[in-house]
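# Notes for the structure review
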Amino acid sequence: RYAERVGRRRLYATLFVGLAVSGLAFGLTANVVVLVVVALTGTLSTEVVESGPFTSLEQAMLPETVAVERRTRVFGTYNAVATIAGSFGALAAGGPELLRDAGFGVPGDQRFFLALVPVGLLGAVVTASLSPHVEAARTARRRAAPLERSRPVVLRLAGLFALDSFGGGFAVQSFLVYFLSRKFGLATDELGVVFFAVGFLQAGSFLAATRLAERLGLLNTMVFTHLPSNLLLAGVAVAPNAATAIGLLLARFALSQMDVPTRQAYVITLVDPDERVAASAYTATARYAVRPIAPVLGGALQQVALGLPLLVAGGLKTAYDLALWSWFRRVPLPSRPT
C-alpha cells in the first residue's frame, strides 16, 4: 500500500532493521508476548523462498534492473541464490548438536538468532547502494489505490494462490521433518543433510524452469511441472521405507518449485509497473492468510493416518493447477511487457 509513497529502497532498508531487531529479541528473551509481537512484524520469516514483506519489494524491484527478455531468468537466479543459502542454513541447523556431542562448549540454540543482527544491519547498509532504477517510474497521475487496472486479475490469482498455499500447508517442511523422523526414525543431523540436498535441487529447478518457460511459456511451465510433483508428494505418504520416501521427496522438490520463478514473473508481467509491489503483496498475503489453517487440520488428519495430510496436500494442489490452467490459458500476456 505505501511502498511507492515511501520509496522502495527506504522501506526495504526499514525491513532489514526490523530483521535485526527480531534477531535481537529472539536471541535474548523467552518472553512469549515479546516474541509474538516481534514475529507479527513479518521480518523473521520461516520460509527460505518468498519470505514475507521482503519478497513483495524484491519482486517489484528486480524487473527494473534487467532487459525484458532476461526478466524470467533473473527470477530464477534470485530464487536459486536464496535456496542455496537456505540449504546451508538447514545443514548448519544440526551443527550445534554435533559440536555438543563432540564435547565442545556451544551456547544454546536460541543464541544463534543473534546472527541476524549483523545480517540485518548489513542488509540495510547495502540497500542504500541500490540503483534509483529499482524505484517505480513516475507517472503523470497518482493512483487512488495501489491496484486499479489489474485489480480483477490479481484478485483471481490471489484466490488460486491461496488454494495452492492451503494445500502446501499440509506439507510444510516442519511437518515433513516430523513425518520422516516419526515414521522412519531419522535423526536431526540426517534430516539436515536431506534438506541440504533438497535446497540444491530446488536451486537447479529454478534455473531450469526459466529456460523451460522461454520455450513453453510461463503458464505452461507453472502448471505442467507442478502437476507431477503433486503425485510424488502423495507417494511419500505411502512409501514403504526411508530410502523410497527420501527419493520421492527429492524428485518432488526437483519439480515442485519450478512454478515459483515463473509465477513471480507471470504476476509482474500481467500488471502495470507501478502496481507490481501491490500485486506481489496481495497475492503473497492471500497465500500467508490461509496457510496457518492447514497445519491445524493436518494435525487432526494425522491422528487418522500419519501420511494423510500429504495425500490431502497433493489433491488440493492438483485442483489449483487445473483451475489455474482453465482460467488463465486464454488470458494474453502483453506482447511487449514493460
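Within any chain, residue numbers begin from 1 and follow the written order of that chain's sequence. Local features in this predicted model are restricted to residues of pLDDT 70 or higher, and side-chain atom pairs are both shown and tallied only at a pLDDT of 80 or more, whereas totals for entire chains, interfaces and linings draw on every residue. As a convention, hydrogens and water are excluded, and side-chain values are obtained from all of the structure's heavy atoms.

### What to know about the overall build of the protein
Applied cut-off: Put simply, DSSP H or I for four residues or longer makes a helix, DSSP E for two residues or longer makes a strand, and each gets a number counted from the N terminus. A radius of gyration in this sense is built from C-alpha atoms; the matching globule rule multiplies 2.2 Å by the number of residues raised to 0.38. Categorising residues by exposure relies on relative accessible area from a 1.4 Å probe, with only protein chains included: less than 20% of the type maximum marks a residue as buried, more than 50% marks it as exposed, and the intermediate range marks it as partly exposed.
Across its full length, the protein holds 16 helices and zero strands. The C-alpha atoms of the protein give 20 Å as radius of gyration, which agrees with the globular expectation for 338 residues (20 Å, within 12%). Its C-alpha atoms put the protein at 65 × 45 × 35 Å along the principal axes. Relative to its 338 residues, the protein shows a buried fraction of 46%.

### Section: the packing of helix H10 (residues 188-216) against helix H13 (residues 259-270)
Applied cut-off: To get an axis, a line is fitted to the C-alpha atoms, and for a helix only the part in contact is used. The angle between two axes follows their N-to-C directions and goes from 0 to 180 degrees. An angle counts as roughly parallel when it lies under 35 degrees, as roughly antiparallel when it exceeds 145, as roughly perpendicular when it falls between 65 and 115, and as oblique in every other case. In what follows, residue pairs with any heavy atoms lying within 4.5 Å of each other are defined as contacts. Under this grouping Gly is polar, as are all residues other than the nonpolar Ala, Val, Leu, Ile, Met, Phe, Trp, Tyr, Cys and Pro and the charged Asp, Glu, Lys and Arg.
One way to put it is that H10 packs onto H13 with a least axis distance of 8 Å and a crossing angle of 50 degrees. As far as their axial angle goes, H13 and H10 are oblique. Contacts between H10 and H13 involve Phe206, Ala209, Thr210 and Ala213 from the former and Val260, Pro261 and Thr262 from the latter. Considering only residue class, the contact of H10 with H13 consists of five nonpolar, two polar and no charged.

### Description of the packing of aromatic side chains
Rules: Pairing of aromatic rings covers Phe, Tyr and Trp, the last counted by its six-membered ring, and requires centre-to-centre distances within 6.5 Å; plane angles under 30 degrees mean stacked, over 60 mean edge-to-face, and any other angle means tilted. Ring-over charges, as used throughout, are those where CZ of Arg or NZ of Lys falls within 6 Å of the ring centre and within 35 degrees of the ring normal.
One pass over the structure, following the stated rule, counts 11 aromatic pairs. Pairing Phe224 with Trp325 gives two aromatic rings, centres 5.2 Å apart and planes at 65 degrees, and the pair type is edge-to-face. Placement of the pair is Phe224 in helix H11 (residues 218-237) and Trp325 in helix H16 (residues 308-328), with a sequence separation of 101 residues. With relative accessibility at 46%, the residue Phe224 sits in the partly exposed group. Members of the aromatic cluster, joined through ring pairs, are Tyr12, Phe16 and Phe54. A cation over a ring is seen here: Arg156 above Trp327, with NZ or CZ 4.8 Å from the ring centre. In this structure, Arg252 packs its charged tip against the face of Phe253, placed 5.0 Å from the ring centre.

### Notes on the packing of helix H8 (residues 151-168) against H16
Quick note on the threshold: What makes a crossing left-handed is the near helix being turned counterclockwise from the far one by less than a right angle; a clockwise turn instead makes it right-handed.
Axis separation between H8 and H16 bottoms out at 7 Å; the angle between their running directions is 160 degrees. Between H8 and H16, the crossing angle belongs to the class labelled roughly antiparallel. Handedness of the H8/H16 crossing: left-handed. Taking contact as the criterion, the partners of Val153, Arg156, Leu157, Leu160, Phe161, Leu163, Asp164, Phe166, Gly167 and Gly168 in H8 are, on H16, Ala313, Leu316, Lys317, Ala319, Tyr320, Ala323, Leu324, Trp327 and Phe328. Across the contact of H8 with H16, the residue classes break down as 14 nonpolar, two polar and three charged.

### Details of the environment of Val81
Note that Val81 resides in helix H5 (residues 71-93). Linking Val81 and Ser129, residues 48 residues apart in sequence, is a C-alpha distance of 20 Å.

### Observations regarding the confidence of the model for the protein
The line we're drawing: Here pLDDT means the predictor's own confidence in every residue, given as a number from 0 to 100.
Looking at the protein as a whole, the pLDDT averages 85, with 91% of positions reaching at least 70. Within the protein, the lowest mean pLDDT, 68, falls on helix H6 (residues 95-101), and the highest, 93, falls on helix H7 (residues 116-127).

### Considering the pattern of salt bridges
Heads up, the condition is: Salt bridge criterion: a side-chain nitrogen from Lys or Arg within 4 Å of a carboxyl oxygen from Asp or Glu.
Inspection of every chain in the model, using the stated rule, returns nine salt bridges. Linking Glu64 and Arg8 is a salt bridge whose minimum nitrogen-to-oxygen distance equals 3.5 Å. Taken together, the positions of Glu64 in the loop between helix H4 (53-61) and H5 and Arg8 in helix H2 (residues 8-28) put the pair 56 residues apart, joining distant regions of the chain. When its relative accessible area of 23% is taken as the criterion, Glu64 is described as partly exposed. With relative accessibility at 0%, the residue Arg8 sits in the buried group. Several salt bridges converge on common partners, so that one network encompasses Glu4, Arg8, Glu64 and Arg276.

### Some remarks on the nonpolar core
Note the cut-off: Throughout, nonpolar core names a set of buried Ala, Val, Leu, Ile, Met, Phe, Trp, Tyr and Cys residues whose side chains join them through atoms within 4.5 Å.
Ranked by internal contacts, the top residues of the largest apolar core, which has 26 residues, are Phe75, Leu157, Leu219, Tyr266, Leu324 and Phe328. Taken together, the elements giving at least two residues each to this core come down to H5, H8, H11, H13, helix H14 (276-290) and H16. Per-element accounting of this core gives the leading share, five residues, to H13. Discounting residues that sit within four places of it in the chain, Tyr266 has contacts with Leu157, Leu218, Leu219, Met222, Phe328 and Leu333. Judged by nonpolar contacts, the second largest core, of 24 residues, contains Leu180, Leu186, Val236 and Phe253.

### Comments concerning the environment of Ala187
As for its placement among the helices and strands, Ala187 is situated in the loop between helix H9 (173-184) and H10. Linking Ala187 and Val177, residues 10 residues apart in sequence, is a C-alpha distance of 9.5 Å.

### Here's the deal with the side chain of Gln264
The residue Gln264 is located in helix H13 in this model. Each residue touching Gln264, except ones within four places of it in the same chain, is listed here: Glu50, Gln59, Phe75, Tyr78 and Asn79.

### Observations regarding a nonpolar patch on the surface
Filter applied, for reference: Residues forming no salt bridge and having over 30% relative accessible area are the ones grouped into patches, like charges within 9 Å of each other and nonpolar side chains (Val, Leu, Ile, Met, Phe, Trp, Tyr) within 5 Å. Residue exposure ignores everything except the shown protein chains as possible cover, and the areas themselves are Shrake-Rupley values with a 1.4 Å probe.
On the surface, Phe88, Leu91, Val193 and Phe200 cluster together into a nonpolar patch covering about 350 Å² of accessible area. Looking at the nonpolar patch, the elements that each hand over two or more residues are H5 and H10. Position of Phe88 relative to the elements: it lies in helix H5.

### What about the side chain of Thr210?
Mapped onto the secondary structure, Thr210 falls in helix H10. Filtering out sequence-adjacent residues up to four positions away, Thr210 remains in contact with Thr72, Arg73, Gly76 and Pro261.

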